[in-house]
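# Summary of the model geometry
What follows is the residue order along each chain.
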Amino acid sequence: MDPHPQAPSAPRAPRATTRAPAPSAHVRSLVLVLLGALALLALLAPLLAPGAYAAPPGAVEIDDEQGVIDDPDALQGRLEGIDLRDAAAPVDLKVVTLDIAAHDADPSADTGLNDAVLDDARSEHPDWIDGEKWADGVVILAIDPEHRKVGTYAGEDVKLSDGGFEDVQDAMKDDASDGAWADAFEAGAQKYADLLGRPWWRSPGAIIGAFIALVALGAGAVAALARGAGSRRRVRTARERFDDVRAKRQETDQAASRIPRDSSYGATSLADVEDYRRAVGEAESTSSELPAHPGPLWGIGPTSARRAKEFETSVEVADRADDTIIGAARLLGRTGDFRSAWEEERRPLDESLAAVEQTIAEVLEDAADTDADSDTPEQQGATTDSDAAAGLRSTARQVSSDLEEVSTAYLDGGISPDDALERLDELTERLSVASERLREEAIGARSKDDDEVKVMRDAEPEHFTSDFPTSVRGRQFARHPQDYVSGYSLSPVLWTGAWYGGATTALDTHRNPPASSGSTSGYSGGGFSGAGSSSSF
């Protein structure tokens, strides 16, 4: 017998199997980007082999008739380093500077440079021509520095489309405008090489495109990480603001309950209450779906990034609305710090009244400067002593006086809050009408036809902010703009000054549109029809 009997062993529990957690969508996204980058790099390897598909380069010939290229030998070396070839044979690059007038061509004609280059080729370089076309394998880049013309020409086997010729000219123009003639030719040759049709494996564009795709994949990964960082920052900032909203929740709800239901301005504020409560509810719901401590990869995916943006937006709406609701309750109930709320209501008018003289000076003195060139007596009547200016000054004085009376009556309880706000709207309307007369007078002084009148009237103000976020009247105007006169603005004189800046800019652009970069093909003489075109710089 065993002196040490063993207790029967308990049945073994089944062995638990431990599975690694499935990778998150954020990790899978990054892995896919990296795998794509590796696959693209593998495809690039044959392209990067030195000497792959090599073909002999063509010759470079420089004919600097104007003597503007400082170091022709250096330019020749730079141009020879550009892989300018077509699918079957090398391409000979010809670089020319000339004076259109010296070749009996008309510098003012659209085809002036084309004619001059053809004349130069016939007299000095007949090998560039084959019958009535440019010779095969020939590409010509030409500049007339004196008459600021640039041209591109080519044999039928290496010619580009009309748009391609224009692209080459555009590539040359910045350097040509700066007088950097060698740089202009180099830029044009490089652009021509990029656009010249050839097998993809010999095109620098193919390799560059592949590299761009590789960089784009890397940029995608970086953008995903940046999106994640931005999402986490949004959540962090929005949570801080939402803490403030929650802290003011009771005060905001109490203020909402005090807003008079029979007030026309109160109705607008009550609509803001609905927006506020909806935004708070959305923020609370979204907040419950957000992680308490977002990890370093949280937010790179579109779903989490969208949730962060939704949370931020809801909090912004709620944070703006609570101040508006509290201010409206104080203003309409004349409770708490209602004086500050009233100051916010009259602030747009005060700012416009303070800007009357400066706005008149900017609008009408500038218009008066154009009087010497004006074509009509109406245009010649714009001065700082005009009827519109005098009317605006007179209206502003009366509005200023009435504004103080309304303020005293409201603050002393002599009139109801609704009546006081209606009076502010009336004063603003009067100032808006007077300001619009000034605008119309400025339009009459500056414009020369109906098209220019329309351009000025449709112009957008420059650097004008009409945001009075806690203003009850501002909220009323935003919700019911149809109830106000045409041209109404909460701060009309400031708006007119900002409008004039935008209107004059729009008018100048209308009168002096950006010069077209379109090129001109063809030649004034009959017969020759070689490919190419020219344009101005």
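Residues numbered from 1 in each chain as written. Predicted model: local features only at pLDDT ≥ 70, side-chain atom pairs only at ≥ 80, totals over all residues. Heavy atoms only, no water.

## A look at the overall build of the protein
Where we set the bar: Secondary structure elements are defined from DSSP: runs of H or I of at least 4 residues count as helices, runs of E of at least 2 residues count as strands, and each element is numbered from the N terminus. The contact criterion used throughout is that any non-hydrogen atoms of two residues lie within 4.5 Å. We get accessible surface area from the Shrake-Rupley algorithm with a probe of 1.4 Å; when it comes to residues, only the shown protein chains can shield them.
For the protein, the helix and strand inventory stands at 16 helices and 8 strands. Across the protein, contacts joining residues at least 24 apart in sequence account for 75% of those joining residues at least 6 apart. For the protein, the accessible area works out to roughly 27600 Å², and carbon and sulfur atoms hold 51% of it.

## Things to note about the packing of helix α12 (residues 387–412) against helix α13 (residues 417–446)
Definition in use: The axes used here are C-alpha line fits, helices contributing only the stretch in contact, and every angle between their N-to-C directions lies in the interval 0 to 180 degrees. By the definition adopted for this analysis, an angle is roughly parallel if under 35 degrees, roughly antiparallel if over 145, roughly perpendicular if from 65 to 115, and oblique otherwise.
At a minimum axis separation of 9 Å, α12 and α13 run at an interaxial angle of 170°. It follows that α12 is roughly antiparallel to α13 by the angle criterion.

## Examining the sheet that holds strand β5 (residues 138–144)
Applicable threshold: Two strands qualify as a pair provided that DSSP identifies no fewer than 2 bridges between them.
Sheet architecture is open: 6 strands sit in the order β1-β2-β5-β6-β8-β7, paired in mixed fashion. Both outer strands of the open sheet, β1 (60–64) and β7 (520–521), are each paired with one neighbouring strand and no more. Looking at chain direction, β1 and strand β2 (residues 92–97) are connected through 5 bridges and run parallel. Among the inter-strand pairings, I62 is bridged to a residue of β2, identified as V95. Helix α2 (residues 72–80) contacts β1 and β2 of the sheet and is inclined by roughly 145° relative to β1.

## Re the pattern of salt bridges
The condition that has to hold: The working definition used for a salt bridge is a side-chain nitrogen of Lys or Arg within 4 Å of a carboxyl oxygen of Asp or Glu. A simple rule labels every residue: compare its accessible area, found with a 1.4 Å probe on the protein chains alone, to the largest value its type can have, and call it buried under 20%, exposed over 50%, or partly exposed in between.
Evaluated as defined, the whole model comprises 33 salt bridges. Residue E426 is joined to R423 by a salt bridge in which the shortest nitrogen-to-oxygen separation is 3.1 Å. Note that E426 and R423 are positioned in helix α13 at a spacing of 3 residues, about one turn of the helix. According to the relative accessible area criterion, R423 is partly exposed, its value standing at 26%. Connected through shared salt-bridge partners, D272, D275, R278, R475 and R479 make up one network.

## A closer look at the packing of helix α9 (residues 302–333) against helix α10 (residues 338–354)
Basically, it comes down to this: Residue classes follow a fixed rule: Ala, Val, Leu, Ile, Met, Phe, Trp, Tyr, Cys and Pro count as nonpolar, while Asp, Glu, Lys and Arg count as charged, and any other residue, Gly among them, counts as polar.
Between α9 and α10, the shortest axis-to-axis distance is 8 Å and the interhelical angle comes to 100°. Judged by the inter-axis angle, α9 sits roughly perpendicular to α10. Where α9 approaches α10, its residues G327, R330 and L331 are matched on the opposing element by F338, A341, W342 and E345. Per-class residue counts for the contact of α9 with α10 are 4 nonpolar, 1 polar and 2 charged.

## A look at the pairing of β5
With 7 of its 7 residues buried, β5 lies for the most part within the structure. Here β5 shows a buried face lined by V138, I140, A142 and D144 and a second buried face lined by V139, L141 and I143. As paired strands, β2 and β5 are joined by 6 bridges and run parallel to one another. The residue bridging T97 from the neighbouring strand is I143, located in β5.

## Regarding the packing of aromatic side chains
Just so we agree on the cut-off: What counts as a ring pair is set by centres within 6.5 Å for rings of Phe, Tyr and Trp (its six-membered ring), and what kind of pair is set by the plane angle: stacked under 30 degrees, edge-to-face over 60, tilted for all other angles.
Considering all chains together, one arrives at 12 aromatic pairs under this definition. Ring plane angle 80° and centroid distance 5.1 Å describe the contact between W134 and F528, whose orientation is recorded as edge-to-face. A residue pair is termed long-range when its members are at least 10 positions apart, and W134 in strand β4 (residues 133–134) and F528 in the loop between β7 and β8 (531–536) qualify at 394 residues. Each member of the pair, W134 as well as F528, carries the same accessibility label: buried. Judged by centre distance (5.1 Å) and plane angle (85°), the rings of Y523 and F528 are edge-to-face. A residue is classified by how much of its surface remains accessible, and F528, at 6% relative accessible area, is buried. Through a chain of ring-to-ring contacts, the aromatic side chains of W134, Y153, Y523 and F528 assemble into a single cluster.

## Observations concerning helix α5 (residues 181–195)
Definition in use: Expected span of a helix: the number of residues minus one, times 1.5 Å. Working definition: the arc comes from the directions between the helix axis and the C-beta atoms, pointing outward to the latter.
Helix length check: α5 (15 residues) gives 21 Å between terminal C-alpha atoms against 21 Å at 1.5 Å per residue, within 8%. Along α5, the residues classified as buried are W181, A182, A184, F185, G188, A189, Y192 and A193. Taken end-on, α5 shows its buried residues confined to a sector of 170°, consistent with a single buried face. Where α5 is buried, its residues touch α2, β2, β5, β6 (149–154) and α4 (162–177).

Everything listed here is a matter of coordinates, which is why it stays silent on function.
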